[in-house]
Amino acid sequence: MTGEGVSPTRHVVVMGVSGAGKTTVALGIAAATGLTFAEADEFHTPQHVAQMRAGVPLDDAARLPWLRELAGWMAARAAEGVSTVLACSALRRSYRDVLRQGPPSVEFVHLDGAAEVIRERMAGRAGHYMPASLLESQLATLERPHPDESVLVLDVSLTPDALVSAAVRRLGLSKGVTANG
């Protein structure tokens, strides 16, 4: 149980296929609110990065330890009284369920929209290991959130600033939401 003077932490996962803008939006939420940002891609092993760079998608057996590590990272921040925002694909419900096993609660923001918009964004970005060829496998893997998951869905065709504003407003986040002081 948390003490009377301790504010509960908030944990937001910005999810969607590669190229949807997860990192940009999560960084924007962090800047607007003070939540501690993490990029899920940075938790992948070098072997998994090399596999994806070669155009080979990860299977569930490879993803499970990664998802558990992400859940553990959020849980550890929660124990410290620190709120977080994580950029993570979280394409399947089972993946989101693993992430939910970390901190006391996790809120998801799904950046969703037309594959053409996402393909165009992927073609314009430099230095990312995820080739555009993997977009089709990500779209095939994506399990759209069910109503019982209460996921905030935002349209990727909006500008990054509009996506950040909508997420902050609709999740009821504010500056200084973290309890780390």
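Here's a quick rundown of the structure. (Residues numbered from 1 in each chain as written. Predicted model: local features only at pLDDT ≥ 70, side-chain atom pairs only at ≥ 80, totals over all residues. Heavy atoms only, no water.)

### Examining the pairing of strand β1 (residues 11–15)
Here's step 1: For β1, a buried count of five out of five residues is recorded, marking the element as mostly surrounded by other parts of the structure.
Here's step 2: With burial as the criterion, each face of β1 is covered, one bearing H11, V13 and M15 and the other bearing V12 and V14.
Here's step 3: Across four bridges, the pairing between β1 and strand β3 (residues 84–87) is parallel. When the bridges of β3 are listed, V12 appears paired with V85. (Buried < 20%, exposed > 50% of the residue type's maximum accessible area, 1.4 Å probe, protein only. Helix = DSSP H or I, 4+ residues; strand = E, 2+ residues; numbered from the N terminus. Pairing = 2+ DSSP bridges.)

### Focus on unusual backbone geometry
Here's step 1: Of note in the backbone geometry, A90 takes a positive phi value of approximately 45 degrees without being a glycine.
Here's step 2: On the secondary structure map, A90 appears in the loop between β3 and α4 (93–100).
Here's step 3: Even without glycine at this site, S150 takes up a positive phi of about 40 degrees.
Here's step 4: Following the sequence through the fold, S150 ends up in the loop between α6 (135–141) and β5 (152–155).

### Considerations on the packing of helix α3 (residues 60–79) against α4
The angle between the axes and the distance between the axes are what describe a pair of packed helices.
Here's step 1: Put simply, α3 and α4 touch, their axes get as near as 8 Å, and they point 30 degrees apart. Taken together, the axes of α3 and α4 lie roughly parallel to each other. Crossing of α3 against α4: the hand is right-handed. Contacts between α3 and α4 pair D60, R63, L64, L67, R68, L70, A71 and M74 from the former with Y95, V98 and L99 from the latter.
Here's step 2: When its residues are assigned to classes, the contact of α3 with α4 shows eight nonpolar, no polar and three charged. (Axes fitted to C-alpha atoms, helices over the stretch in contact; angles between N-to-C directions. Parallel < 35°, antiparallel > 145°, perpendicular 65-115°, else oblique. Left-handed = near helix turned anticlockwise from the far one by under 90°. Contact = heavy atoms within 4.5 Å. Nonpolar A, V, L, I, M, F, W, Y, C, P; charged D, E, K, R; others polar.)

### Some thoughts on the sheet that holds strand β2 (residues 36–39)
Here's step 1: Taken in spatial order, the five strands make up an open sheet running β2-β3-β1-β4-β5, and their pairing is parallel. With one partner strand each, in any of the chains shown, β2 and β5 form the two edges of the open sheet. Across the sheet, the axes of successive neighbouring strands diverge by a mean angle of 20 degrees, strand direction being ignored.
Here's step 2: Of the strands in this sheet, β1, β2, β3 and β4 (107–112) are in contact with helix α1 (residues 22–33), which crosses β3 at around 170 degrees.

### Considerations on the pairing of β4
Here's step 1: Of all six residues making up β4, five are buried, and the element is well covered by its neighbours.
Here's step 2: Relative to β4, β1 runs parallel, the two sharing four bridges. If you follow V13 over to β4, its bridge partner there is F108.
Here's step 3: Direction of pairing for β4 relative to β5: parallel, over a ladder of four bridges. Looking across to β5, one finds that L111 is bridged to L154.

### Observations regarding the packing of α1 against helix α7 (residues 160–171)
Here's step 1: It is at 9 Å that the axes of α1 and α7 come closest, and there the two elements cross at 55 degrees. One way to sum up the angle between α1 and α7 is to call them oblique. Two packed elements cross with a definite hand, and for α1 against α7 that hand is right-handed. Where α1 abuts α7, its residues T24, V25, G28, I29, A32 and T33 lie against P160, L163, V164, A167 and V168.
Here's step 2: Considering only residue class, the contact of α1 with α7 consists of eight nonpolar, three polar and no charged.

### Considerations on the packing of aromatic side chains
How two aromatic rings sit relative to each other is set out by the distance from centre to centre and by the angle between their planes.
Here's step 1: On inspection of all chains with the given rule, the structure shows one aromatic pair.
Here's step 2: Between F43 and W73, the aromatic rings sit 6.2 Å apart at their centres with planes inclined by 70 degrees, giving edge-to-face as the arrangement. Here F43, found in the loop between β2 and α2 (46–53), pairs with W73, found in helix α3; they are 30 residues apart in sequence, far enough to count as distant. (Phe/Tyr/Trp six-rings, centres within 6.5 Å; stacked < 30°, edge-to-face > 60°.)

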